[in-house]
Every structure is written in C-alpha cells, then in structure tokens.
Protein chains: 2
Amino acid sequence: MSGISLEFHEPETTREEMLIATFKALSTHGYADLTIAKIGDEFDKSPSLIYHHYDDKEALVLDCLEFMLDHFETTLLTTCTDDPRDALLRFIDRTLDACSGEPDPLVETLVELRARTNGDAFYDHFTRSDSVFQAHLESTLRAGIDDGVFENCDAERIAATVLTTLTGALYRGVTSDADADISATRSELVGYLEGRLGVDDGFDSRT
Amino acid sequence: MSGISLEFHEPETTREEMLIATFKALSTHGYADLTIAKIGDEFDKSPSLIYHHYDDKEALVLDCLEFMLDHFETTLLTTCTDDPRDALLRFIDRTLDACSGEPDPLVETLVELRARTNGDAFYDHFTRSDSVFQAHLESTLRAGIDDGVFENCDAERIAATVLTTLTGALYRGVTSDADADISATRSELVGYLEGRLGVDDGFDSRT
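The residue numbers shown here count from 1 along each chain, following its written sequence. Chain labels run from A onward and ligand labels from 1 onward, assigned in the order the entries are written. Selection of residues for local features in this predicted model requires a pLDDT of at least 70, selection of side-chain atom pairs for listing and counting requires 80 or more, and totals for whole chains, interfaces and linings are taken over all residues. Hydrogens and water molecules were not included; the side-chain quantities draw on all heavy atoms of the structure.

Caption draft 1: Structural view of the relation of the copies chain B and chain A. Least-squares superposition of the copies uses the C-alpha atoms of those residues scoring a pLDDT of at least 70 in each of them. For the match of chain B to chain A, the screw axis carries a shift of 0.0 Å, the RMSD comes to 0.0 Å, and the turn is 180°. What we have between these two chains is a two-fold relation. Residue G168 of chain B of chain B places its C-alpha closer to the rotation axis than any other residue of that unit, at 1.6 Å. Most of the interface of chain B is mirrored in chain A, where 100% of its interface residues are also at the interface. Note on definitions: a residue-residue contact is assigned when non-hydrogen atoms from the two residues lie within 4.5 Å.

Caption draft 2: Spotlight on the interface of chain B and chain A. Facing 36 residues of chain B, the contacting portion of chain A comprises 36 residues. Buried area counts how much accessible surface, traced with a 1.4 Å probe, disappears from two parts once they are put together, with both parts' losses summed. Across the interface of chain B and chain A, roughly 3400 Å² is buried in total on both sides, 55% from carbon and sulfur atoms. On the chain B side of the interface with chain A, the three residues burying the most area are Y171, R172 and E188 of chain B, jointly 21% of the side's total. Here, a salt bridge means any side-chain nitrogen of Lys or Arg that lies within 4 Å of a carboxyl oxygen of Asp or Glu. Scanning the region where chain B abuts chain A turns up six salt bridges. Where E188 of chain B meets R196 of chain A, a salt bridge forms, and the shortest distance between an N and an O atom there is 2.7 Å. Polar contacts, as used here, are pairs of N or O atoms within 3.5 Å; protein pairs need one atom able to donate a hydrogen and one able to accept it. Residues neighboring in sequence count only if both atoms are side-chain atoms. On inspection of chain B and its partner chain A, the count reaches 25 residue pairs in polar contact (both at pLDDT 80 or more). The helix and strand labels rest on DSSP assignments: H or I over at least four residues marks a helix, E over at least two residues marks a strand, and numbering proceeds from the N terminus. Of all the secondary structure elements, the ones that give two or more residues to the side of chain B that touches chain A are α6 (105–114), α7 (121–147), α8 (155–175) and α9 (179–197) of chain B. Note on residue categories: nonpolar means Ala, Val, Leu, Ile, Met, Phe, Trp, Tyr, Cys or Pro, charged means Asp, Glu, Lys or Arg, and polar means any other residue, Gly included. The class makeup of the residues in the side of chain B that touches chain A is 13 nonpolar, 12 polar and 11 charged.

Caption draft 3: Inspection of helix α7 (residues 121–147) of chain A at higher detail. To estimate the expected span of a helix, subtract one from its residue number and multiply by 1.5 Å. Taking 1.5 Å of rise per residue, the 27 residues of α7 of chain A would be expected to cover 39 Å, and the 39 Å separating its terminal C-alpha atoms lies within 8% of that figure. Phi turns positive one or two residues past the end of α7 of chain A, at G148 of chain A, with a value near 80°.

Caption draft 4: Region of interest: the nonpolar core. By size, the foremost hydrophobic cluster in this structure holds 60 residues, and its most contacted members are L193, L197 and F203 of chain A together with L193, L197 and F203 of chain B. Setting aside residues up to four positions removed in sequence, F203 of chain B forms contacts with R85, L88, L89, F150, V190, L193, E194 and L197 of chain B. Nine residue types can take part in a nonpolar core, namely buried Ala, Val, Leu, Ile, Met, Phe, Trp, Tyr and Cys, and a core is a set of them joined through side-chain atoms within 4.5 Å. Classification of residues uses two cut-offs on accessible area relative to the type maximum, computed with a 1.4 Å probe and protein chains only: under 20% is buried, over 50% is exposed, and between them is partly exposed.

Caption draft 5: A look at the packing of helix α9 (residues 179–197) of chain A against α9 of chain B. To define axes, lines are fitted to C-alpha atoms, for helices over the stretch in contact only, and angles between the resulting N-to-C directions are given on a 0 to 180 degree scale. Orientation of α9 of chain A relative to α9 of chain B, taken along the N-to-C sense of each, is 90°, at an axis distance of 11 Å. By the angle class used here, α9 of chain A and α9 of chain B are roughly perpendicular. Contact residues: E188, Y192 and R196 of chain A in α9 of chain A; E188, Y192 and R196 of chain B in α9 of chain B. For the contact of α9 of chain A with α9 of chain B, the per-class residue count stands at two nonpolar, no polar and four charged. Working rule for angles: under 35 degrees goes down as roughly parallel, over 145 as roughly antiparallel, 65 to 115 as roughly perpendicular, anything else as oblique.

Caption draft 6: Focus on helix α6 (residues 105–114) of chain A. Among the 10 residues in α6 of chain A, eight count as buried, and that is most of the element. Here α6 of chain A has its buried residues at L106, V107, E108, T109, L110, V111, L113 and R114 of chain A.

Caption draft 7: Summary view of a negative patch on the surface. All names here are of chain A. Excluding any residue in a salt bridge, patches collect residues exceeding 30% relative accessible area, merging like charges within 9 Å and nonpolar Val, Leu, Ile, Met, Phe, Trp and Tyr side chains within 5 Å. Methods summary: accessible areas were calculated by the Shrake-Rupley approach with a probe of 1.4 Å, and residue burial reflects only the protein chains presented. As used throughout, the charge tally considers Lys and Arg to be positive and Asp and Glu to be negative, leaving His and the chain termini uncounted. One atom stands in for each charge, and that atom is NZ of Lys, CZ of Arg, CG of Asp or CD of Glu. On the surface, D82, D83, D146 and D147 cluster together to form a negatively charged patch. Position of D146 relative to the elements: it lies in helix α7. On the accessibility criterion, D146 (67% relative accessible area) is exposed.

Caption draft 8: Looking closely at the confidence of the model for chain A. Of all residues in chain A, 92% attain a pLDDT of 70 or more, and the chain-wide mean is 88. At the level of chain-chain contacts, confidence expressed as ipTM amounts to 0.92, with global pTM at 0.93. pLDDT measures the predictor's confidence residue by residue and takes values from 0 up to 100.

Below is the structure:
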C-alpha cells in the first residue's frame with residue numbers, strides 16, 4: 001500500500017499550521033489515539049492555541065478533513081485533462097493502491113471517521129468529498145469524449161459507478177482481508193470501462 | 001429503505017435467546033447506545049445471565065454478528081439455485097434497498113462496526129462475512145452457467161466485483177447523501193452483468 005501523501009504548500013496562517021500538524025498526527029496515530037499533545041509535537045507554536053480555535057478534537061479533525069479535501073480538489077482539477085485515459089487509470093490505481101496490503105493509519109482513519117453515524121458533520125463532509133471526486137471523474141470522462149479518445153457515454157452514471165466501486169474497495173481493503181477480491185475488481189472495472197468508453201485496443205497494458 | 005429483517009427459528013438455547021434479544025436491541029438502538037439493560041428488555045430471563053456468558057458488550061455483539069451470518073448463510077444457501085437470474089437480481093436489489101433513503105439503525109450499526117479498526121475480531125468476522133456472500137454469488141453464477149442461462153464466465157472475478165460494488169453502495173448510502181449515485185450504480189452494474197453473462201434480452205425490466 002502506498003497510503004495517502006499530500007504535498008502541502010508552506011502554511012500561511014496559524015490555522016493552516018494547526019491543520020497540517022493535525023494531518024501529520026492523524027497519519028501517524030489515527031483518530032482514537034489522537035491527542036492535542038500529539039498534535040503539539042508537530043506544531044511549532046503553543047498547543048494552547050488549538051483550544052482557542054476549536055471546541056474539541058472532532059471539530060479540529062473535521063476542519064482538517066475539509067482542508068485535505070480542498071487540497072485534493074485543487075490538485076485534481078489541475079491534473080485531470082492532460083491525458084484522460086491515463087488520468088482515469090491513475091485515479092483508479094492510486095485508490096486501489098491505498099487500500100491493498102498493509103493498512104495505512106490515515107486511510108484507516110478516513111474509513112472509520114466516515115462510518116461515524118452520530119450527527120451530520122461527517123455525513124456532510126463525506127457527501128461533499130464524494131461530489132469532488134465525482135466531478136473529477138466526470139470531467140475526465142468528458143475531456144476524453146471531447147478529445148475523441150472515449151466514445152460518447154453517460155459520464156455522470158459511469159463516474160458514479162466508478163466512485164461506488166472504488167469506495168467499496170477502500171472500505172473492504174481496510175476492514176477485511178480482501179486483496180484478491182480488490183485485484184479481481186480492478187480487472188473487471190477496467191474491462192467495464194473499455195466496453196463503455198469504446199477503448200478497443202485495451203485500456204491498460206497491466207491486465 | 002427496507003432494512004434488514006431476519007426470521008429466526010424459535011431459540012433452542014439460552015445463548016440463542018440472548019443473541020436474538022441482542023439483535024432486536026441493536027436493530028432499535030444501534031451499537032453506541034446499546035446497554036445490557038436494553039438487551040434485557042428483549043430477554044425473558046435475568047439480564048445477569050448475559051454477564052455470565054460474555055466478557056463485554058463487544059464480545060456479545062460479535063457473537064450476535066456471527067449468529068446473524070450463520071442465519072444468512074443457511075437462508076442464502078437454500079434459495080440460491082432456483083432461478084439464477086432472479087436470485088442475482090434479488091441479491092443486488094435487497095442490498096441496494098437496504099442502503100437507500102432513510103438509514104436503518106441495524107444497517108448503520110453494521111457499517112460502523114465494520115469500520116472499527118482496533119483489533120482483529122471484527123476484521124476476521126467481516127472477512128468471513130464477505131466470503132459467505134462471495135460464495136453465494138459464485139454459486140448463483142455457476143448455477144446459471146450450468147443451466148445455460150448465463151454464458152461461460154469467470155464467476156469468481158464477477159462475484160468479487162459485484163460484492164465490492166454493493167459494499168461500496170452500502171457504505172456510501174449510510175454515510176452520505178448518495179441515493180442518485182446508488183441508482184446510477186445499479187443501472188451500470190446490471191448492464192455490466194448483461195454484457196459479461198450474455199443476457200441479450202435485458203437482465204431486468206426495471207432499467
């Protein structure tokens with residue numbers, strides 16, 4: 001598993017410094033074991049500033065997730081239309097790499113936080129998170145149609161299906177011994193896309 | 001959402017009585033709010049018997065999940081080969097019905113428990129749970145091939161893909177506002193199966 005790595009810009013505000021420190025601490029310790037003291041280890045200023053900005057750990061982590069998502073969105077939007085075929089395959093493989101083999105604490109944490117069904121805060125965040133990835137997949141498919149690389153197709157429906165399948169792989173990979181099934185799912189997903197997008201010469205030299 | 005309904009046989013042992021009471025209490029209250037007192041409300045004998053049999057709530061709930069899975073396995077195995085086409089579609093629709101619309105507390109509970117990444121107990125349970133559903137899907141596909149209803153295909157890979165996709169739908173449906181995406185995923189999944197299984201006249205009159 002490669003895990004999730006994010007290259008943040010230099011923090012410009014104290015909030016950004018706190019959120020990058022939270023991201024680092026979450027990546028190492030997960031949510032359950034996260035404490036303000038552990039975040040403080042990644043933070044150059046006084047940890048008491050964190051209490052000043054956030055009511056509790058949940059509010060801080062939720063803002064950290066929003067910050068990560070904003071970062072993903074910016075990165076995804078700037079890379080999606082160079083080569084639609086490659087962009088689609090890269091998105092699939094990055095996700096599947098992140099849920100195969102040994103669990104990464106940050107991926108585990110995201111899967112666990114998403115499943116917290118008490119209250120609307122995480123529900124709303126993950127609804128927005130899905131819509132960001134849905135928009136990325138849709139615009140990649142539409143770029144491919146515009147370029148003549150993909151056949152005309154229902155980009156919205158196909159994007160939703162890819163996202164549901166990848167989310168299932170992520171959830172299964174973190175919560176069960178599912179490497180063989182994830183590998184099988186990848187082959188079938190790529191085959192399904194070849195058919196739907198009319199990629200006659202094979203989408204992927206790896207299958 | 002229809003939720004999960006199980007018709008249990010009359011309990012034959014005190015353990016079965018406790019587990020059915022636990023199932024009912026979980027269905028109503030979810031995991032976080034579950035107490036021995038609430039299980040006691042569904043149980044005709046003294047709740048103190050529960051402490052005698054189980055170290056803690058987690059051990060009791062885990063045994064309840066195993067009991068539910070045994071029940072599912074028995075029910076699935078006796079219904080899988082009557083009409084493979086109908087059995088496959090019914091499995092897909094029952095799962096998707098259980099994760100669309102208003103959340104059912106038991107479905108929420110299963111999604112949340114699966115995401116508990118502290119320790120091996122739930123990981124092992126959900127690995128076994130997936131293998132039960134994988135075996136059901138595989139035997140349904142093989143029955144269809146044997147009957148000449150489905151073209152020859154890689155039943156193992158297709159079953160794994162269906163299971164990953166449905167698990168993704170379940171997880172998304174409980175944890176985000178995903179009804180439209182789940183509906184889109186259903187259409188595409190059925191279309192994928194029509195192609196892979198050679199069902200030329202359309203798998204499903206609903207799409």
